[in-house]
Amino acid sequence: MSGQRHATMVAAATLALTLTPLIGIFDGVGWAFPVLLTITVIATCGSLMRAAGRGQGLQTVAMCAGLLVVLTAGFGDGTAFLFIVPLPATFEHFGYLANEGVSGIVTNAPPVPAEGGILFLTLLGIGLVAILHDMFVVGLRTPALAGLTLLTMYLVPVSVAPDATAWFWFILPAVSYLWLLADDNLRRVSAFGHRFTGAGQLVSQRFPSPMARSARWSALAFIVVTLVSLTVVPTNTSGFIDRVAEDFEGGGDVGLGDVNPWAQLSGSLNRPEEVDVLRVSTDDPNPRYLRMHVLDELTSDGFGPNDYEEGGSLDDLVAEGDEVYTAEVENLELEASVLPVYGDPADIEIDGDWAVDDDTGVIIGDGTDMGDIDSYSFSYTDPAPNAETLAAAGGMDPGDGRWEDNTRHPDVPEMTEIVDREVGGASTVHEKVLAVLEYLSASNGFRYSLTTSEAGNDEAILDFLATQEGYCQQYAAAMAWMLREADVAARVVIGMSQGRRDGTDWVLSNHDYHAWVEVYYEGPGWVTFDPTPASGVPGAVSFPWATEPAPEDLPSQDPGATADPTAGPGEEPTGAAPDPSAGAETPTGGPTPQAGDGGSGGGAAFDPVWLLLVPLLALPFVPAVWRGLLRRSRLHPAKLTAKTAWDEVLDLAMDYGVGLTDSLTPRQAAGVLGQAAPAAREAATVLGSAMARHRYSAQGADPTGLADAVRDLHSELDKRAEPRRRYRAMFWPASLLAKIASKQAEESARLARRSARASDRVRSAVRRPRRSNSRKDRSVTGRP
Amino acid sequence: MTFESSPGQPPQAPAPLSPQEFKATAEGILTNVEWVIEGKSHTIKLAIAVMLAEGHLLLEDVPGVGKTQLAKALARSVDCSVRRIQFTPDLLPSDVTGVSIFDPEKRDFVFKPGAIFGNLILGDEINRASPKTQAALLECMEERQVTVDGNTYKLRSPFMVIATQNPVEMEGTYPLPEAQRDRFAARLAIGYPDINAELALLDRREEYNPLDALRPVADAEMIVRMIAAARAVHLAPELKRYVVDLVTATRSNAQVRLGASPRATLQLLRCTQVLAAMDGRDFALPDDVQQLAVPVLAHRLIPTTETTMGGGDTKAIVSDILRHVPVVSHPGRY
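Conventions used here
- Residues numbered from 1 in each chain as written.
- Chains lettered and ligands numbered in written order.
- Predicted model: local features only at pLDDT ≥ 70, side-chain atom pairs only at ≥ 80, totals over all residues.
- Heavy atoms only, no water.
- Helix = DSSP H or I, 4+ residues; strand = E, 2+ residues; numbered from the N terminus.
- Buried < 20%, exposed > 50% of the residue type's maximum accessible area, 1.4 Å probe, protein only.
- Contact = heavy atoms within 4.5 Å.
- Areas by Shrake-Rupley, 256 points an atom, 1.4 Å probe, with all protein chains shown as cover.
- Buried area = accessible area lost by both parts, 1.4 Å probe.
- Salt bridge = Lys/Arg side-chain N within 4 Å of Asp/Glu carboxyl O.
- Polar contact = N/O pair within 3.5 Å; in protein donor to acceptor, adjacent residues only side chain to side chain.
- Nonpolar A, V, L, I, M, F, W, Y, C, P; charged D, E, K, R; others polar.
- Pairing = 2+ DSSP bridges.
- Patch = residues over 30% accessible without salt bridge, like charges linked within 9 Å, V, L, I, M, F, W, Y side chains within 5 Å.
- Lys, Arg positive; Asp, Glu negative; His and termini not counted.
- Charge placed at Lys NZ, Arg CZ, Asp CG, Glu CD.
- Phe/Tyr/Trp six-rings, centres within 6.5 Å; stacked < 30°, edge-to-face > 60°.
- Lys NZ or Arg CZ within 6 Å of the ring centre and 35° of its normal.
- Axes fitted to C-alpha atoms, helices over the stretch in contact; angles between N-to-C directions.
- Parallel < 35°, antiparallel > 145°, perpendicular 65-115°, else oblique.
- Left-handed = near helix turned anticlockwise from the far one by under 90°.

Caption draft 1: The overall build of chain B, seen in detail. Helix and strand counts for chain B come out as 14 helices and 13 strands. When each of the 334 residues of chain B is scored for burial, the buried share is 52%. The long-range share in chain B, meaning contacts at least 24 apart out of those at least 6 apart in sequence, stands at 79%. Of the roughly 15200 Å² of accessible surface on chain B, 55% is carried by carbon and sulfur atoms.

Right, here's the structure in full:
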């Protein structure tokens, strides 16, 4: 097998090994075949091009073509010519798939099924990485750089699903990287020819060199030191151990199927296109929010769902209170394991097995989920306490069994400080709630924005409080957290807002996903508050009790009445009229809906993740910029000497492929350059003479005008170079590569010398006691 | 024993020679000699450089290309005492160095100086003399003195031996011994003139021999001053290193049995200084070294038998070394 084919195979194999962590984010192993096929096709294309003696450019083109063919064959969906030749329609389809993939990625929590858009994006990404990887390992022979591609491949599953990616998955990528390096070095060594031991015996190519021993010992020592320091420094290991433990337990979303409520929330809101998911017909003139999930477990990772206990039967639910409404829901496209319902539901008529979680009132599918349900109906009450009642009511009794669960919060000193400052003056539960709402209001500088970090952990909440920008997720989590910090029982609810009016029905889309807060009052029970500015939430409902009881605030005291725009201190007064007739103010209707939860259409396309691509895009320009900076510093008037100018001339010659050898004197080199760039012959001569004078005369040379001479020479060389050479000189300057290579050679030689010296020292230190001359009388009794 | 310098020269001021004066004088000699030897300015330049570097010159070429003419023209251009020795197989060492003969009037031995007591010595067909006569030149050339009958006589300054030899006709010749060859600073070949030069030569020689019309452009004292001025030319450490690298490369070359001596290094540097000064510079360049490397080094190398059998010659070896030794001895920089 030829060297390049062997290296290609090693490159492909190492990349494939690095993909094993994907097991954690995909359902099953169905993805493995297409992924391996993609890698194989790309490697084969590159290898064939190399075998045909083509350059790196054509190799890359061939590999890209291979990737395109694979994608077309796999995802062309009949749009391609002869299945593998992509047509414009194919690319259109790819665009659709990519969109689908992106929304799939943001909506679903791993493990996800490997199909459709997600698989397409996966193959595309892996294919591009495979091309880079092949280029680094085989084309450019810089396997050390391949560490970057391997790391990229490893980081993707790790960043997407840190919980699902156990630490031991790192072993395979690490081993494959070592394999790459070792294989390349073996190729290098075997290129030297046969090797002999000191005793003159022929040894196998794979027999380690004597120098390898010191390398092995230092590597071992390094690993031991690292492990020891990890155990000594506890902060380093705690997360590590936790994660390991979590992985072995299986970790993750108990009782929630495959959907993380937060991910579903942010994913749905960020999804560019609007898709209707539910159609509700109710006799309630102003329905409030549809509850789905209740998140009452607050850890340093943020709010999460408690384990739902599928205890109560639906039959136990009874409608209490004066006004009982009924609702009929048609499921258009909702995927969930919980049932969206208004207020306190009863008489639920639905197929399949469903149960009620007693603590939260969440209705959970027991083996059934919304995907199986076309429609259901229920009756409900939605009691609206008035502000006076709430002002008079106390909070949850600390003796209550639920107290612990609903007030538990991580100890974050900054949070305590903020709450003490903002809520410290409040005595009753309602005052505290109002203080928090006031704090989070627009008048205090908080602004609605969808482009924030999505994690709800403590740092993110502190970030939110500091930057004062966020959306319902941050608002709800911050409010509930602050209330818990102030010893008020509070929890986050995720569900859907009112939606838009369509005739007599309400239609809810993926942009109507919303999160809000429920606070426990002694008496009224769990009461809903929405800290998010209504301007950001299409179909937001205002809650009249979320205000101070004031005699002149008449309209707001009418429970269940349509909202006064000025009602909530936490609400933006505009654009949120919950009046049913205001249904026209849908995300497509209002003048400012695009700023809202539902109006994220344009903004969602710019997922912050894409910002990560910016450094990647900048990568090809690094050599050019580096080279430019080097030139600038050499020609800088303060530093300019004949030597620096000449160094630049030599580098230019190398960049533009003017052959200069070591045995040429500066004048001869200038002559050669003059031939390569006749119009700049004079400049070259001036530079050569200046260098000769600088190096060989006692006085040195006057650098005046040399910078201009270098520029003249540069522009003339550039003018006369053929385009390919010109671009190469610009973006991939040979002089820079030579510099790096010589530096590397120097360093490795130095390292080798040093390690040889160290091993000699160790050896002599070890052997000294064994000498037979123990009398220290310098008489030589043993071997010299 | 001393000899007066040539008469009729006004005493020169001892002021140091500026590079421009040096260059002008050297060019004067060059133009003068070129008047006789057409189209060979580079060879003439090197010959002058050897003279001003206090070296000795070996002109090796086929008969009739102007070896003797060059030597004579050089001698005539400098107003100093010129001696000519025609080397023949029966030439004796005492013919070269001189001999003590009995003076019946004084009833004592009186030293009669030989041909070597001059400023410029033309040794024609040096390889035709017997080795012992050739050897008589050794002490003169290196130490610039002659010892006869226990008395040591200093030779004149400047002192230069210009020897010619014919490389083709080997019958009845005694090839120069190793030590003798090493004493020549440079070996030059003149080569055939090109067509235009040969035509010009015919025109000029129709009426008279240009050699006869040659007038000296410098005197011995001027030459001494030029020699001193050339020694002051700056030699950068990098340049010295380059010269040493070149010489070392001849010693480690696989095609060479015996490389160049440290004397070669010294003489190469001296000639380099002169060449730089002739260019009006007060510092030497590797370009100067490269012009001189073949003339100064090639005749000292002894190629291996394989090289000789394979038709290789030492000039090619030195040229090859020039192509491969880095001018600045950092890897990757030149």
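Caption draft 2: Inspection of the interface of chain B and chain A at higher detail. With 23 residues of chain B at the contact, the number on the chain A side is 20 residues. Across the chain B to chain A interface the summed buried area is about 1900 Å²; carbon plus sulfur atoms make up 53%. Joining chain B to chain A, the criterion identifies zero salt bridges. Summed over the shared surface of chain B and chain A, the result is five residue pairs in polar contact (both at pLDDT 80 or more). Breaking the side of chain B that touches chain A down by element, the ones donating at least two residues are helix H10 (237-252), helix H12 (286-297) and helix H14 (314-324) of chain B. For the side of chain B that touches chain A, the per-class residue count stands at twelve nonpolar, four polar and seven charged.

Caption draft 3: Representation of the sheet that holds strand S9 (residues 312-313) of chain A in the model. All names here are of chain A. On the basis of which strands lie adjacent, the open sheet formed by three strands has the order S9-S13-S14 and antiparallel pairing. Here the strands that pair on one side only, and so sit at the sheet edges, are S9 and strand S14 (363-365). Inspection of the sheet shows strand S13 (residues 354-356) paired to S14 by three bridges, in the antiparallel sense. Paired with Trp354 across the bridge in S14 is Gly365.

Caption draft 4: Representation of a negative patch on the surface. All names here are of chain A. A surface patch of like charges, here negative, comprises Asp315, Asp316, Asp358 and Asp359. Inspection of the secondary structure puts Asp316 in the loop between S9 and strand S10 (325-331). Assessed through its relative accessible area of 57%, Asp316 is described here as exposed.

Caption draft 5: Seen up close, the packing of aromatic side chains. This model, assessed by the stated rule, comprises 19 aromatic pairs over all chains. Here the aromatic rings of A:Tyr289 and A:Trp516 are separated by 4.6 Å at their centres, their planes lie at 50 degrees, and the arrangement is tilted. Of the two residues, A:Tyr289 sits in the loop between strand S5 (276-282) and strand S6 (290-295) while A:Trp516 sits in strand S21 (residues 513-521), which places them 227 residues apart along the sequence. Across the pair, exposure class does not vary: A:Tyr289 and A:Trp516 are buried alike. The interplanar angle of 80 degrees and the centroid separation of 6.5 Å between the aromatic rings of B:Phe117 and B:Tyr153 together place this pair among those described as edge-to-face. Separated by 36 residues along the polypeptide, B:Phe117 in the loop between strand S5 (108-113) and strand S6 (120-124) and B:Tyr153 in strand S8 (residues 151-154) bring together distant segments of the chain. Directly above the aromatic system of A:Trp526 lies the positively charged group of A:Arg491, at a separation of 3.8 Å from the ring centroid. Above the plane of the ring of B:Phe283 lies B:Arg281, whose end atom (NZ or CZ) is 5.9 Å from the centre.

Caption draft 6: Broad picture of the sheet that holds strand S15 (residues 375-381) of chain A. All names here are of chain A. Spatial strand order, S12-S15-S10-S5-S20-S19: six strands in an open sheet with antiparallel pairing. Here the strands that pair on one side only, and so sit at the sheet edges, are strand S12 (344-349) and strand S19 (500-502). Taking each pair of neighbouring strands and ignoring which way they run, the sheet shows an average axis angle of 30 degrees. Bridging between S5 and S10 involves five bridges; their strand directions are antiparallel. Considered in S10, the bridge of Leu278 is made with Asn331.

Caption draft 7: Geometry of the packing of helix H19 (residues 622-635) of chain A against helix H20 (residues 642-655) of chain A. All names here are of chain A. The contact between H19 and H20 brings their axes to 8 Å, and the two run at 150 degrees. With respect to H20, the element H19 is oriented roughly antiparallel. Relative to H20, the crossing made by H19 is left-handed. Contacts between H19 and H20 pair Arg627, Leu630, Arg631, Arg634 and Leu635 from the former with Thr644, Ala645, Asp647, Glu648, Asp651, Leu652 and Asp655 from the latter. Residues belonging to the contact of H19 with H20 are distributed by class as follows: four nonpolar, one polar and seven charged.

Caption draft 8: Region of the structure containing unusual backbone geometry. Residues and elements named next belong to chain B. The step from Ser157 to Pro158 runs through a cis peptide bond, and the omega angle for that step is -5 degrees. Here Pro158 is to be found in the loop between S8 and strand S9 (160-165). In this model, Glu54 sits at a positive phi of 60 degrees, which is unusual for a non-glycine residue. If you trace the backbone, Glu54 turns up in the loop between helix H2 (41-52) and strand S1 (57-60). For Arg144, which is not a glycine, the phi torsion comes out positive at approximately 55 degrees. The residue Arg144 is located in the loop between helix H5 (131-143) and strand S7 (145-148) in this model.

Caption draft 9: Structural view of a positive patch on the surface. All names here are of chain A. Where like charges cluster on the molecular surface, the positive patch consists of Arg753, Arg754, Arg757 and Arg761. With respect to the secondary-structure elements, Arg761 resides in helix H25 (residues 734-767). You can call Arg761 exposed: its relative accessible area is 54%.

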